[in-house]
Amino acid sequence: MSALPGWHADDAAAALDAFRRTCAAPGPNPPQAAGVTGNPADLAAACAAATDVGTDKAKKFFEGRFSAYRIVRPANGAEPERRAGFLTGYFEPELVGSLEPGPGYAAPVLARPDDLVTLAPGETAPGLDAIYKAGRRTTTGLEPYPDRAAIEDGAVAAHTRPVLWLRDAVDLFVLQVQGSGRARLPDGRSVRVLYDGKNGQPYTSIGKLLVAEGHLPLNGLSLERWTTWLRANPDHARRLMRMNKSYIFFRVEPVEDARLGPPGAAGAPLSPGRSMAVDGNLWRYGLPFYLEGKLPGQPGRGHLVVAADTGSAILGPARGDLYVGTGAKAGVAAGDLHDRMGFVVLLPKPIGEPRP
């Protein structure tokens, strides 16, 4: 592990803090599938051992309790071995909202509907196509949950209610793409708007749609650029946003620690620059990963992070989405992060194995 590029220069204490926080979390709901990589008993033992580790011993803790494995895509025919994966960034948007509708607050943020049934990873339901990750409870069983267009047209109005009102549909769409956010209320307070389920319909990237239709070029496509375009072209915007059939529901809670992000899929508050979303069908939350490469705005050649979240577009073993923080500055940093990156997973050593 000490031979990893940049290992000695990275701040292992910050990674240890994120690791402890993830260890203390209640865990995902529903739980991850039993077959994901990362032995739960060995990881729990590492979590217990991390409790009393001093910050000056953080690096030795990871070296002693984990073994490093580089994630490599094997050669396949004429395609050579690939050592690089792909890393993007995400953030917690800071929006303007109100607990009541009114002038300037036109877009409702909906609560989780009472007829929404979320399927566990790998779970299927009789009569429901496997493409759907959630369903609607009916007297005869589950059926596909309404898509974005139907929900916007009132298809679930009897089963949900607004928990917050945002300025417009574009702000709501940004909140749903990021999965959570903060909202500043008219009285100056801030509340956290947290993910509380989705309709299980397929996700479609609006950035890809904008590029495919020739509205914006791929080069320089940032959050600010595509949201500005949507607001300037409301008719196109409504149509394009509705092409993303996925729809997210939320709950509202107080902001307990402004330094940390919202809870990720593991149930732990996200640590800026140290919490990463991974494919939750492949990797167990809580596993440390070492990113081999230069991150924008970060010194060094490597970065130790912890798997604490997931996302619809985060698929495959060498694919990550790094949480970078809250607000507009973090949004710019997240938009700039789309780089090839080496991925090294740190798997906990088996219980009883001798350690240095």
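Residues numbered from 1 in each chain as written. Predicted model: local features only at pLDDT ≥ 70, side-chain atom pairs only at ≥ 80, totals over all residues. Heavy atoms only, no water.

As recorded by an unreviewed UniProt entry, the protein chain carries the name peptidoglycan lytic exotransglycosylase and is attributed to Methylorubrum rhodinum.

1. Details of the overall build of the protein chain
A tally of regular secondary structure across the protein chain gives nine helices and 16 strands. The C-alpha atoms of the protein chain give 21 Å as radius of gyration, which agrees with the globular expectation for 356 residues (21 Å, within 12%). Counting only C-alpha atoms, the protein chain reaches 60 × 55 × 45 Å along its principal axes. The buried share of the protein chain, reckoned over its 356 residues, is 46%. At a minimum sequence separation of 6, the contacts of the protein chain that also span at least 24 residues come to 77%. Summed over its atoms, the accessible surface of the protein chain is roughly 17,100 Å², and 54% of this surface lies on carbon and sulfur atoms. Here the protein chain holds 40 positive side-chain charges and 37 negative ones, and the gap between their average locations is 4 Å. (Helix = DSSP H or I, 4+ residues; strand = E, 2+ residues; numbered from the N terminus. Rg over C-alpha atoms; globule rule 2.2 N^0.38 Å. Buried < 20%, exposed > 50% of the residue type's maximum accessible area, 1.4 Å probe, protein only. Contact = heavy atoms within 4.5 Å. Areas by Shrake-Rupley, 256 points an atom, 1.4 Å probe, with all protein chains shown as cover. Lys, Arg positive; Asp, Glu negative; His and termini not counted. Charge placed at Lys NZ, Arg CZ, Asp CG, Glu CD.)

2. Points about the state of the cysteines
Taken as a whole and judged by the stated rule, the model has one disulfide. Each sulfur in the disulfide pair C23 and C47 lies 2.0 Å from the other. Of note, the bridge from C23 to C47 carries an S-S torsion of about -75° and is left-handed in sense. Highlighted residues: C23 in helix α1 (residues 12-23) and C47 in helix α2 (residues 40-50), separated in sequence by 24 residues. (Disulfide = S-S within 2.5 Å.)

3. A word on the layout of surface pockets
Empty space among the atoms can be located by rolling a probe the size of a water molecule over them. Of the voids in this model, the second largest pocket is the one considered here, and its volume is about 370 Å³. Surrounding the second largest pocket, 23 residues form its lining, A107, P108, E152, L172 and Y247 being those nearest its centre. Elements represented by at least two residues in the lining of the second largest pocket include exactly β4 (107-110), α4 (148-152), α5 (169-178) and α8 (234-243). It is α5 that provides the largest number of residues to the lining of the second largest pocket, a total of four residues. Within the lining of the second largest pocket, the residues separate by chemical class into 13 nonpolar, three polar and seven charged. (1 Å grid on protein atoms, 1.4 Å probe; cavity = no way out; pocket = protein on both sides within 12 Å on 5 of 7 lines; lining within 4 Å. Points joined across faces, edges and corners; volume = space filled by probe spheres on them. Nonpolar A, V, L, I, M, F, W, Y, C, P; charged D, E, K, R; others polar.)

4. So, the domain arrangement of the protein chain
Domain parsing of the protein chain yields domain 1 (7-90 + 261-348) and domain 2 (94-254). Opposite the 11 residues of domain 1 that make contact, domain 2 presents 11 residues. Around 980 Å² of area is buried between domain 1 and domain 2 when both sides are counted, 62% of it from carbon and sulfur atoms. In this structure, the connection of domain 1 to domain 2 is made through zero salt bridges. (Domains from an automatic or database assignment. Buried area = accessible area lost by both parts, 1.4 Å probe. Salt bridge = Lys/Arg side-chain N within 4 Å of Asp/Glu carboxyl O.)

5. Quick notes on the pairing of strand β7 (residues 141-144)
For strand β6 (residues 134-138) and β7, the ladder comprises four bridges, and the chain directions are antiparallel. The residue of β7 that forms the bridge with G135 is P144. Here β6 hands over to β7 after two residues, the two strands then running antiparallel side by side. (Pairing = 2+ DSSP bridges.)

6. Some points on the packing of aromatic side chains
One pass over the structure, following the stated rule, counts 12 aromatic pairs. Consider the rings of F19 and F61, whose centres lie 5.9 Å apart with planes at 50°: the pair is tilted. Remark: F61 occurs in helix α3 (residues 58-65) and F19 occurs in helix α1; sequence separation between them is 42 residues. Using a relative accessible area of 6% as the deciding quantity, one classes F61 as buried. Between Y90 and Y323 the ring centres are 5.6 Å apart and the planes differ by 65°, which places this aromatic pair in the edge-to-face class. With Y90 in strand β2 (residues 84-92) and Y323 in strand β15 (residues 319-326), the pair connects residues that are 233 residues apart, well separated along the chain. (Phe/Tyr/Trp six-rings, centres within 6.5 Å; stacked < 30°, edge-to-face > 60°.)

7. Quick look at the sheet that holds strand β3 (residues 94-98)
Read across the sheet, six strands follow the order β4-β8-β3-β9-β10-β11 without closing on themselves; strand pairing throughout is mixed. Looking at which strands have only one partner, the edges of the open sheet turn out to be β4 and β11 (248-254). Across the sheet, the mean angle separating the axes of adjacent strands is 45° when strand polarity is ignored. Note that β3 and strand β8 (residues 162-166) share two bridges and pair antiparallel. Bridging from a neighbouring strand, G97 pairs with L166 of β8. (Axes fitted to C-alpha atoms, helices over the stretch in contact; angles between N-to-C directions.)

8. A few points about the sheet that holds β7
Strand order in the open sheet made by the three strands is β5-β6-β7, with antiparallel pairing throughout. The sheet terminates laterally at β5 (116-118) and β7, the two strands that pair on one side only. Across the sheet, the mean angle separating the axes of adjacent strands is 45° when strand polarity is ignored.

9. A look at the packing of helix α7 (residues 223-232) against α8
For any two helices packed against each other, the geometry is given by the interaxial angle and the distance between the axes. Put simply, α7 and α8 touch, their axes get as near as 5 Å, and they point 120° apart. The orientation of α7 with respect to α8, classified from their angle, is oblique. Contacts between α7 and α8 pair W229, L230, R231 and A232 from the former with P234, H236, A237, L240 and M241 from the latter. Residues belonging to the contact of α7 with α8 are distributed by class as follows: seven nonpolar, one polar and one charged. (Parallel < 35°, antiparallel > 145°, perpendicular 65-115°, else oblique.)

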